[in-house]
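Commentary on secondary and tertiary structure
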Amino acid sequence: MKRSRTRLALASLLAGCMTIAAAAPTLSQQDSAPAASPEAEPTDLVAPDGPVRLRGLNGYAVLDRQHLVLRAGASRRYLVTLKRRCFGLRSSTGIGLSLRSHTTIHNPHFEYIQTEQGRCYFDTIEEVESNDAARALIAARAEAAAEAEAADTESR
């Protein structure tokens, strides 16, 4: 049992190092680019940087088949976006998480939710103020994606 935990920890560490190495050229290109004004980039659509620390994970709320909010402690909420729609997420009486109640997530792609129908892997995880703020963020991203798709269609 201890050996499998060690292997899992080493795999997670290796994945984190690979992510940092892959991002290094991107970071150097960003450093040389002129800084954009804060108004040019909406902050509610920007993915969080760095690891996410969960303390006292004690509940969740399913928003739809691809999103849920994890509750940690009394006031912290984390929006989890899954890589694909997760069937059984809304109808399951309970879900299993690959996370412990106190953990730091360096690469969310290794984490998953276990439902009766199978595993659904994380795409992103980010802190939000409330379930309503998470719903607003999901709606804003869907609207931005629809506008981008419409603009792409018009340019063809």
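Residues numbered from 1 in each chain as written. Predicted model: local features only at pLDDT ≥ 70, side-chain atom pairs only at ≥ 80, totals over all residues. Heavy atoms only, no water.

**Some words on the pattern of salt bridges**
One pass over the full model with this rule turns up three salt bridges. Residues Glu-127 and Arg-76 are paired through a salt bridge, measuring 2.9 Å at the closest nitrogen-oxygen approach. Here Glu-127, found in strand 8 (residues 118-128), pairs with Arg-76, found in strand 4 (residues 76-82); they are 51 residues apart in sequence, far enough to count as distant. Taking the relative accessible area as the measure of exposure, Arg-76 reaches 43% and is therefore partly exposed. A salt bridge links Arg-135 to Asp-132; the shortest N-O distance between them is 3.3 Å. Of this pair, Arg-135 and Asp-132 both sit in helix 2 (residues 131-155), three residues apart, roughly one helical turn. Owing to a relative accessible area of 41%, Arg-135 belongs among the partly exposed residues under this scheme. (Salt bridge = Lys/Arg side-chain N within 4 Å of Asp/Glu carboxyl O. Helix = DSSP H or I, 4+ residues; strand = E, 2+ residues; numbered from the N terminus. Buried < 20%, exposed > 50% of the residue type's maximum accessible area, 1.4 Å probe, protein only.)

**Structural notes on the packing of aromatic side chains**
Here the structure, examined in full by the defined rule, presents one aromatic pair. The residue whose ring lies beneath Arg-119 is Tyr-112, and the NZ or CZ to ring-centre distance is 4.1 Å. (Phe/Tyr/Trp six-rings, centres within 6.5 Å; stacked < 30°, edge-to-face > 60°. Lys NZ or Arg CZ within 6 Å of the ring centre and 35° of its normal.)

**Some remarks on the state of the cysteines**
Tallied over the entire structure, the rule returns one disulfide. Across a sulfur-sulfur distance of 1.9 Å, Cys-86 and Cys-120 are joined as a disulfide pair. Across the S-S bond linking Cys-86 and Cys-120, the dihedral sits near 80°, which makes this disulfide right-handed. One end of the pair, Cys-86, is in the loop between strand 4 and strand 5 (96-97); the other, Cys-120, is in strand 8, and 34 residues separate them in sequence. Cys-120 carries the same exposure label as Cys-86, and that label is buried. (Disulfide = S-S within 2.5 Å.)

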